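# Tertiary structure, described
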Amino acid sequence: MSDANRIIIFDTTLRDGEQAPGFSMDVATKLRMAHALDALGVDIIEAGFPIASPADSEAVREVASAVRRPIIAALARTRRADLEEAGRALQPAARPRIHTFLATSDLHLAAKLRMTREECLDAAVAAVKLARQFTDDVEFSAEDATRSDCEFLCRLIEAVIKQGCTTVNLPDTVGYATPDEMREFFAAIIARVPNADRAVFSAHCHNDLGLAVANSLAAIQGGVRQVECAVNGIGERAGNASLEELVMALRTRQDRLPYQTAINAELLFRTSQLLTEVTGEPVQCNKAIVGRNAFAHEAGIHQDGVLKDARTYEIMRPEDVGQSASSRLVLGRHSGRHAVLARCAALGLVLERHEIDHVYRAVVTFGEHRKAIGDGDLRRIIDRVRSAAPQPVAAAAANAEAVGYGHGV
């Protein structure tokens, strides 16, 4: 794997993701997720914001003690108290990183911070200098970077790199940018900052316009080599760039995106499911990569194509991300005969030629009343069709509905 084409995956599920309403995690839960992220292969785990609360600081300390392979990062504002608390929380870490941030856009400086550009630059430089007393690995984030003045941003980036900042993160904090802007933005910044080669540039994109993953990929094309993301795309407001979507976009489109990550893709679904379990917040059924419908087909034309060659309607295999291939074909009112026969064969159920049409029509009729037909439903439909063989097909289907089948397994 070439270093030039290696993308660092910075996971912020436990920090930005956990800040979203409904996703708060206690220390034990954060530790459980951190072990899963370690197994997944993320390069950096942002474990929390230590100054935010004693529990947050404890969580960072526990993760730093227990998880040794990846870099463990702690977030801090440019305030001394924040940086010192982050340093204390990270003391047990094998590979600690302090991630300090300050807004740089004129809007944030005037409306939120009541700070001039020069005061902002001085605060950023001082924060990096102090953070370096705790670790050589310091990341600086220019909050609202994509809406900041380019000349001022370049001055600030040059200054923090001179002070020893090793990673420069330029977030699209409010998800305002478009992909073409992101690519041009990073390419221009990297070209203009004279010491840009001494730091890794990072993108942290929010999903307010549904463009977080697209913007992250565009940032990579603009020279970024670290991407900040979260499992299931959780995070403030509409969330962060989805880790699983980013990873699989890079893996699937090597022709256009010749970059690699260290992620074990076969653990993506399991990690997503763990996050759902510990937070009680499920992903939407049609969520790319990890949603329950991501590889499901109910329409007969699609089912027929997948049965003949999965590549007709699937650009990746469910097994590639840890999903079960057995859930591909969903029986319902849109299903075709081939899918019904394939499901029967998978269950070891052999239909006689004269039974096929009866079972198929009963499935379609039953599907009018159910969103999906489970394996148990199919077995009972076949039993009812066989027991009602002398009856017309419509009557058999009506009988099948009348017995009140369960959802199946």
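To keep things clear, this report deals only with the structure shown in the data block. (Residues numbered from 1 in each chain as written. Predicted model: local features only at pLDDT ≥ 70, side-chain atom pairs only at ≥ 80, totals over all residues. Heavy atoms only, no water.)

Counting secondary structure elements, the chain contains 16 helices and 8 strands. Seen through its principal axes, the chain has C-alpha atoms that stretch 90 × 40 × 40 Å. Scored against the burial criterion, the 409 residues of the chain give a buried share of 52%. Contacts spanning at least 24 positions in sequence make up 73% of the contacts within the chain whose residues lie at least 6 apart. (Helix = DSSP H or I, 4+ residues; strand = E, 2+ residues; numbered from the N terminus. Buried < 20%, exposed > 50% of the residue type's maximum accessible area, 1.4 Å probe, protein only. Contact = heavy atoms within 4.5 Å.)

This next bit is on the side chain of Ser-105. Its place among the elements puts Ser-105 in the loop between strand 4 (96-103) and helix 5 (106-113). Overall, the relative accessible area of 1% leaves Ser-105 in the buried class. Those residues in contact with Ser-105, other than ones at most four positions away along the chain, are Glu-143, Asp-144, Arg-147 and Ser-148.

Scanning the entire structure with this criterion turns up 2 aromatic pairs. For the ring pair Phe-49 and Phe-101, a centre distance of 6.3 Å and an interplane angle of 70° mean the geometry is edge-to-face. Within this pair, whereas Phe-49 is found in the loop between strand 2 (44-48) and helix 3 (54-66), its partner Phe-101 is found in strand 4, the two being separated by 52 residues in sequence. Like Phe-49, the residue Phe-101 is buried in the burial classification. (Phe/Tyr/Trp six-rings, centres within 6.5 Å; stacked < 30°, edge-to-face > 60°.)

A separate point is the side chain of Asp-56. Mapping Asp-56 onto the fold places it in helix 3. On the accessibility criterion, Asp-56 (11% relative accessible area) is buried. Not counting chain neighbours up to four residues away, the residues in contact with Asp-56 comprise Glu-18, Lys-30, Gly-48, Phe-49 and Pro-50.

To continue, consider the environment of Tyr-360. Summarising the element assignment, Tyr-360 is placed in helix 14 (residues 353-367). Residue Tyr-360 is classed as buried on the basis of its relative accessible area, which comes to 16%. Each C-alpha atom of the pair Tyr-360 and Ile-382 lies 9.5 Å from the other, and the pair is 22 residues apart in sequence. Once residues within four sequence positions are removed from consideration, Tyr-360 is found in contact with Ser-335, Gly-336, Arg-337 and Val-340.

Here the focus is the pattern of salt bridges. Counting across every chain of the model gives 27 salt bridges. Between Arg-88 and Glu-85 there is a salt bridge; the shortest N-O distance is 2.8 Å. Taken together, the residues Arg-88 and Glu-85, both in helix 4 (residues 80-89) and 3 residues apart, mark about one turn of the helix. Classification of Glu-85 by relative accessible area gives buried; the value is 16%. Overlapping salt bridges, with partners in common, bring together Arg-15, Asp-16 and Glu-46 in one network. (Salt bridge = Lys/Arg side-chain N within 4 Å of Asp/Glu carboxyl O.)

The residue Ala-196 is located in the loop between helix 8 (179-192) and strand 7 (200-204) in this model. In this structure Ala-196 comes out as buried when scored by relative accessible area, which is 7%. Ignoring anything within four residues of it in the chain, the contact list for Ala-196 reads Ile-161, Ile-190 and Phe-201.

Residues Gln-226 and Glu-228 of strand 8 (residues 226-229) are buried on one face, and the alternating residues Val-227 and Cys-229, pointing to the opposite face, are buried as well. Judged from the 4 bridges that link them, strand 1 (residues 8-11) and strand 8 form a sheet pairing that is parallel. Looking at strand 8, one finds that Phe-10 is bridged to Glu-228. Handedness of the crossover joining strand 7 and strand 8 through helix 9 (residues 212-221) is recorded here as right-handed. (Pairing = 2+ DSSP bridges. Right-handed = clockwise from strand over helix to strand, strands pointing away.)

Turning to the sheet that holds strand 7, a few remarks are in order. Reading around the circumference, 1-2-3-4-5-6-7-8 is the order of the 8 strands in this closed barrel, with parallel pairing throughout. Put simply, the sheet's adjacent strands are angled 25° from each other on average, direction ignored. Pairing analysis gives 3 bridges linking strand 6 (residues 167-169) to strand 7, with the strands arranged parallel. Within the sheet, the bridge partner assigned to Thr-167 lies in strand 7 and is Val-200. (Axes fitted to C-alpha atoms, helices over the stretch in contact; angles between N-to-C directions.)

Disulfide: a covalent bond connecting the sulfur atoms of a pair of cysteines. In this structure the tally under the stated criterion is 0 disulfides. Cys-165 takes part in no disulfide bond, and the closest cysteine sulfur, belonging to Cys-120, lies 13 Å away. Overall, Cys-165 belongs to the buried group, its relative accessible area being 2%. Free cysteine Cys-229: the closest other cysteine sulfur is in Cys-205, separated by 10 Å. The class of Cys-229 is buried, set by a relative accessible area of 0%. (Disulfide = S-S within 2.5 Å.)

That is the geometry; function is a separate question.
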